[in-house]
Amino acid sequence: MAAAREKGKAVGKVVKSGESQFVLGSIVRIFMENFLTYTLCEVRPGPNLNVVLGANGTGKSSIVCAICLGLAGKPSFLGRADKIGLFVKQGCMKGVVEIELFKSPDNITITREIYVVSNTSVWFINRKPVTLKTVEEQIAALNIQVDNLCQFLPQDKVGEFTKLSKTELLEATEKSIGPPEMYQFHCELKNFREKERELENLCREKTTSLEKMKQRVERYKQDVERYHECKRHVDLIEMLERKRPWVEYENVREQHEEVKQNRNQVKKELKCLKEMHAPWTKKIQEAEENLKNLDMKTRDNTAEIRNISQKCKEKQDALEMKDKQIEEINQAFRMKKDEESNRQKKINQTQKIIEEWQNELDTMAVCENLQPQIDAVNTELRSLQEERANIDNDVSDLRAEKSNQEREEKRIIDRLGQLNNIMHMKEENLKMRFRDTHSALMWLRNNKDKFKKKVCEPMMLEVRDHQKLRVNAVCAPAESCAENLPSRPIEELHRYGFFSYLRELFDAPPSVMSYLCYQYRVHDVPVGTERTRDMIERVIKETNLRQIYTAEERYVIKLSSYTKQNLSSNTCLREAQYLTSSVDMDERGQLENQQQDIGNTLKSLDARLTALFDRQKVLEHKDNKLRQEKKELLERGNRRRQLESKIGVKYDSLRQLEQDAIDLKKEFQLANVKIKAINKQKAELVTELMHLIKKIIPLNIVKVALALQMTKVTAEKNRLQSEYKAGTVQLRAAQQRFHELDNRKQLLYEKCMELMKQARHVCRLGPDQDFPEEFQVAFQTLPDTLEEIDAFLNEEKTRASCFAGLSASVVEEYNKQTEEIQQLTEFLEEKKNELSNYKQNISQVKEKWLSLLKVMIEQINGKFSRFFSSMQCVGEIDLHMENEEEYEKYGIRIRVKFHSSSELHELSPYHHSGGEKTVSTMLYLMAMQELNRCPFRVVDEINQGMDPMNERRVFEMVVGTACKKRTSQYFFITPKLLQNLTYNSKMTLLFVYNGPFMLETYKWNLKRIKRQQRRLRGMNE
């Protein structure tokens, strides 16, 4: 093979195999002109494994692009550019890619000319112009699929292979190695399933529509029946409306005849009534005169009865008053009697009390002299009060002193709190920066009793204890160095700007200061100002100091071991970090001692107060006892006097009660005298009342007689008036009725004529036309009275009104819907049969497809597992499905395990590394190599993500698999290979070179180059 490009690129062929070993559709020749990096290049690959080797940028992937685009591949699949014109070499307007494919007896040459300006392509097969569709059909017939990652894996698509879904991987594998009918079966299954779903949905929709239409027709059917029924009612209503005027006319005519007869009868009755009405007026006047006289007599009798009745009432009221007076006298006597009874009870009670007190007084001894005992108790009470007063004063003084001590203690605690807060801040800073040191500090505080001598905080040398903390701690020198004197007085250094030694600028415990002076000689390190820094060279030269501090820098001067000269170094001072907050330890110690003294004082005061409070309780108990004793003595002296006084008071009350006695007998006699006088008055009133009653009885008898006479006369008068009124009313009614009947007769006549006219009009009859016989027959079946006709008519109208909204269109719609239901039923039956056929086809195709698919997956899994086992790993291929009926979701699942400690995991870009994904991809492609139905496979730089061990193993598998007899052609693109790899004589190595001294294509002659190489070797020897 020879190749060339404009700047010296070339492709050389090292091994060439016989063309008889090519399989159908293999690539025999690749020709590129003005394509990507090539100006002109021709490649002739071998029939088995072709390893295209070259450094990055030499044009290996350009060959892959030429294969893809030359075989009708789309630019987007390569992932480089989306326009075909961008694959033409820069600066050229046209590019050519020509691919020669093996086919017996004559090869097929496919040429693609690419034009930059129009971004279009022109296709040729065996130098004859064809369309893109023809090229695609020819390529498909050779089972070439440049868009299938299982067959064609360009460099930019290597990562996408592991991102293929299980479904996409299955389809790509079917296209690549499956029998031609396998992918066709899969597509048919998916299409059949899609059609099945569509038919199921269609049948479901049409069944629903059919049910709705049947329901609608059922409703229409009811409407049609109702329409016909409504029509019958309307016809009957029309006939009733025609008969009604005739019935109405007949009724009016009959009424006219009846009214005419009644008018003549009323005329005769009116004449008789006028003759009977005259005698009644005279009789009524005589009855009214008689009734007037009786009324005058009744009024006089009633006035006299009323007068006597009034007098009787007055007498009755007087009798009631007398009865009340008698009751009041009796009530007053009863009250006197009760009062006397109560007085006797009080006298008895008073006498009983006096007797009890007198007995008590008699039993009491003569009053003894208790004053000496009382005086003694008073003297003892005064002594107790004085002692209690003294104790109260002592308690007040102790409380005042305790209050002062507590205030002082609070002040000390507050001050210690401030100091401890500063210490806490420092401890927190220590804890944050040096946690182990802080833990050691806490341990030290809890275990100070374990040390013989004082230990200062914090510690600074490395110590290891049972807590395994790494901290620093130091031991102070045996002899104190805290008071060591500097090498020279500070006054001698004032001229250099020094104002103090470092030791004088801070305070520390003696042991700490001793260590600092011993270790760092802080007593001999001067501290200067800006003036010192300005003259630092002079200071170093004249003072011979080894360490100097200024405001911002630290200088260290050392003597060189070689030159014996002073070497100085300076560093900037950092900002203060650990000693920004300081605590006066002397003040803190004094405060703690004062706090301890105050605590002891407070305890002493509390003890004294407790003793005083106990003494107060004893004195208080003794005081209460003496006061109780004094009270009892005083009560013994006063009891006799109190009894004598109470008895005197009771005797006075007794005498007063005896003086208030009531004479009940006398009171009873006085009450009887008063009652007798009142009874006498009552007897006189009763006599007068009886006289008045005897006088009123005859008057009431006369009144009743007059009332009876008036009733009789009034009844007669009323009877006469009623008869007169009845006659008058009857006369007027007869006159009125006569006039009404006469008017009604005239109106009925006119109405008869009008109704006759209306009835003939309703029946559409002319003035001289006879009544049709059909109407007579129809009228015979209908009611004969207006009431029945109206009732029947209203009933029919009501029934007809129930059919509102119906029209003749309902019948038309019913017929139309019935026809549509018939058509839809036939259509649905046809689709159900079609669905049944699809189900049968799916079952048949599924069986064929699954049998082929399972065999293919078993073959791939066997080889894939064997490849992984040879690498001491585990790999499996299986068929994955979520639902047996969802054929579009069937897929191939790749599961791998690269470590013995892990489990099998599905290959994914998220769970596995780049090298693991690359190895898995390569081994899957190799597992398909021997089964491959496609004529060639291209893999571009897939070994770049592998470690050397896996790369070597994979390359050996590729060589062993791709170099077997009758396997498809294999293109393995790589920029480098490991050393000492295994090679096969059936391999073809294609080297891609570039450089400024490469030969032109037409000058490339491998034989001439070899002869020249042998001649040069002979000359050298």
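Residues numbered from 1 in each chain as written. Predicted model: local features only at pLDDT ≥ 70, side-chain atom pairs only at ≥ 80, totals over all residues. Heavy atoms only, no water.

(A) Representation of the overall build of the protein. Per the secondary structure count, the protein includes 20 helices and 21 strands. Partitioning the intrachain contacts of the protein with sequence separation of at least 6 by distance along the chain shows that 72% fall at a separation of at least 24. Accessible surface, the protein: about 63,300 Å² in total, of which carbon and sulfur atoms supply 50%. (Helix = DSSP H or I, 4+ residues; strand = E, 2+ residues; numbered from the N terminus. Contact = heavy atoms within 4.5 Å. Areas by Shrake-Rupley, 256 points an atom, 1.4 Å probe, with all protein chains shown as cover.)

(B) Looking closely at the nonpolar core. Phe-35, Ile-67, Leu-71 and Phe-152 are the most contacted members of the largest nonpolar core, which totals 44 residues. With seven residues, helix α1 (residues 60-70) is the largest single contributor of residues to this core. Residues contacting Phe-35, with those up to four places away along its chain left out, are Ser-62, Cys-65, Ala-66, Leu-69, Phe-87, Lys-89, Val-96, Val-97 and Ile-114. Formed by 43 residues, the second largest nonpolar core is a distinct cluster that contains Phe-867, Tyr-890, Ile-892 and Val-939. (Core = buried A, V, L, I, M, F, W, Y, C linked by side-chain atoms within 4.5 Å. Buried < 20%, exposed > 50% of the residue type's maximum accessible area, 1.4 Å probe, protein only.)

(C) Inspection of the pattern of salt bridges at higher detail. Per the counting criterion, the structure on display carries 24 salt bridges. Residue Arg-533 pairs with Glu-530 through a salt bridge whose shortest N-O separation is 2.8 Å. Highlighted residues: Arg-533 and Glu-530, both in helix α11 (residues 530-534), separated by three residues, approximately one helical turn. Judged by relative accessible area, which is 29%, Arg-533 ranks as partly exposed. With a relative accessible area of 36%, Glu-530 lands in the partly exposed category. Salt bridges sharing common partners tie together Arg-29, Glu-42, Arg-44, Glu-98, Glu-100 and Arg-127. (Salt bridge = Lys/Arg side-chain N within 4 Å of Asp/Glu carboxyl O.)

(D) Summary view of the environment of Arg-627. Among the secondary structure elements, Arg-627 is positioned in helix α13 (residues 585-659). The class of Arg-627 is partly exposed, set by a relative accessible area of 42%. In sequence terms Arg-627 and Val-377 are 250 residues apart; their C-alpha atoms lie 7.9 Å from each other. With residues up to four places along the chain from it excluded, the contact list for Arg-627 reads Leu-381 and Gln-385. For Arg-627, the side chain forms a polar contact with the side chain of Asp-623, separated by 2.8 Å. (Polar contact = N/O pair within 3.5 Å; in protein donor to acceptor, adjacent residues only side chain to side chain.)

(E) Main features of the packing of aromatic side chains. Applying the stated rule across the entire model yields four aromatic pairs. Judged by centre distance (6.0 Å) and plane angle (25 degrees), the ring pair of Phe-22 and Phe-102 falls under stacked. Pair noted here: Phe-22 is in the loop between β2 (10-13) and β3 (27-35) and Phe-102 is in the loop between β6 (94-101) and β7 (108-115), with a separation of 80 residues, a long-range link. Judged by its relative accessible area of 3%, Phe-22 falls in the buried class. A ring pair is formed by Phe-35 and Phe-87, whose centres lie 6.3 Å apart and whose planes are at 15 degrees; its orientation type is stacked. Within this pair, whereas Phe-35 is found in strand β3, its partner Phe-87 is found in the loop between α2 (75-78) and β6, the two being separated by 52 residues in sequence. Per residue, the accessibility class of Phe-35 equals that of Phe-87, and both read buried. (Phe/Tyr/Trp six-rings, centres within 6.5 Å; stacked < 30°, edge-to-face > 60°.)

(F) Here's a closer look at unusual backbone geometry. For the bond from Ser-104 to Pro-105, the omega torsion is 5 degrees, close enough to zero to count as cis. Looking at where Pro-105 falls in the secondary structure, it is placed in the loop between β6 and β7. Positive phi is not limited to glycine here, since Asn-544 has a value of about 55 degrees. By the secondary structure assignment, Asn-544 is in the loop between α12 (536-543) and β13 (547-549).

(G) A look at the side chain of Glu-113. Among the structural elements, Glu-113 can be located in strand β7. Residues within four places of Glu-113 in sequence aside, it is in contact with Lys-94, Gly-95, Val-96, Thr-120, Ser-121, Val-122 and Phe-124.

(H) The environment of Arg-44, seen in detail. Examined against the element boundaries, Arg-44 turns out to sit in the loop between β4 (38-43) and β5 (49-54). Taking relative accessible area as the criterion, Arg-44 reaches 30% and is therefore assigned partly exposed. Placed 946 residues apart in sequence, Arg-44 and Leu-990 show a C-alpha to C-alpha distance of 8.9 Å. Among the polar contacts made by the side chain of Arg-44, one reaches the side chain of Glu-42 at a distance of 3.5 Å.

(I) Examining the side chain of Asn-34 more closely. Considering the arrangement of structural elements, one finds Asn-34 in strand β3. A distance of 3.5 Å separates a polar atom in the side chain of Asn-34 from the backbone oxygen of Lys-94.

(J) Region of interest: helix α9 (residues 435-446). Over its 12 residues, α9 extends 17 Å from the first C-alpha to the last, a length consistent with the 16 Å expected when each residue adds 1.5 Å. If you check which residues of α9 are buried, you get Thr-437, His-438, Ala-440, Leu-441 and Leu-444. Looking down the long axis of α9, one finds its buried residues gathered within 160 degrees of arc, a one-sided arrangement. Summarising the geometry of α9, the exposed residues directed more than 90 degrees from the buried face are Arg-435 and Asn-446. (Expected span 1.5 Å × (residues − 1). Arc of directions from axis to C-beta.)

(K) Quick look at the confidence of the model for the protein. The predicted model of the protein has a mean per-residue pLDDT of 77, with 86% of residues at 70 or higher. Every residue in residues 1-19 scores below 50 in pLDDT, and together they form 74 contacts with partners more than four places removed in sequence or on other chains. For residues 459-469, every residue scores under 50 in pLDDT, and the model assigns this stretch 27 contacts once sequence neighbours within four places are set aside. (pLDDT = per-residue confidence, 0-100.)

(L) Just the sheet that holds strand β16 (residues 874-880), in detail. Across the sheet, three strands lie side by side as β16-β17-β18; this open sheet has antiparallel pairing. The open sheet has two free edges, formed respectively by β16 and β18 (905-906), since each of these has just one partner strand. Sheet topology note: the β16/strand β17 (residues 891-897) ladder contains seven bridges and is antiparallel. By the bridge assignment, Val-874 is partnered in β17 with Lys-897. (Pairing = 2+ DSSP bridges.)

(M) Molecular detail of a positive patch on the surface. Where like charges cluster on the molecular surface, the positive patch consists of Lys-1007, Arg-1008, Lys-1010, Arg-1011, Arg-1014, Arg-1015 and Arg-1017. When you line up the elements, Arg-1015 lands in helix α20 (residues 1006-1020). (Patch = residues over 30% accessible without salt bridge, like charges linked within 9 Å, V, L, I, M, F, W, Y side chains within 5 Å. Lys, Arg positive; Asp, Glu negative; His and termini not counted. Charge placed at Lys NZ, Arg CZ, Asp CG, Glu CD.)

(N) Seen up close, the environment of Thr-550. Relative to the elements of secondary structure, Thr-550 occurs in the loop between β13 and β14 (553-559). Residue classification places Thr-550 among the buried residues on the basis of a relative accessible area of 5%. Separated by 24 residues in sequence, Thr-550 and Pro-526 place their C-alpha atoms 8.6 Å apart. Leaving out residues up to four positions away in the same chain, Thr-550 has contacts with Gly-528, Thr-529, Thr-532, Arg-533, Tyr-555 and Leu-573.

(O) Broad picture of a negative patch on the surface. Where like charges cluster on the molecular surface, the negative patch consists of Asp-392, Asp-394, Asp-397 and Glu-401. Classification of Asp-394 by relative accessible area gives partly exposed; the value is 37%.

(P) Region of the structure containing a nonpolar patch on the surface. A grouping of Val-686, Met-690, Ile-693, Ile-697 and Ile-701 is seen on the molecular surface, where their side chains present a nonpolar patch of about 430 Å² in accessible area. The class for Ile-697 is partly exposed, based on a relative accessible area of 46%.

(Q) Broad picture of α12. Residues Ile-536, Val-539, Ile-540 and Thr-543 constitute the buried set of α12. The arc enclosing the buried residues of α12, seen along the axis, measures out at 100 degrees, which places them on a common side. Set apart from the buried face of α12 by more than 90 degrees, the exposed residues are Glu-537 and Lys-541.

(R) Spatial organisation of the packing of helix α7 (residues 280-363) against helix α14 (residues 664-762). Taken N-terminus to C-terminus, the directions of α7 and α14 make an angle of 160 degrees; their axes are 6 Å apart at the nearest point. By the angle between their directions, the pair α7 and α14 is classed as roughly antiparallel. In terms of crossing hand, the pair formed by α7 and α14 is left-handed. Along the lines of polarity and charge, the residues of the contact of α7 with α14 split into 31 nonpolar, 16 polar and 20 charged. (Axes fitted to C-alpha atoms, helices over the stretch in contact; angles between N-to-C directions. Parallel < 35°, antiparallel > 145°, perpendicular 65-115°, else oblique. Left-handed = near helix turned anticlockwise from the far one by under 90°. Nonpolar A, V, L, I, M, F, W, Y, C, P; charged D, E, K, R; others polar.)

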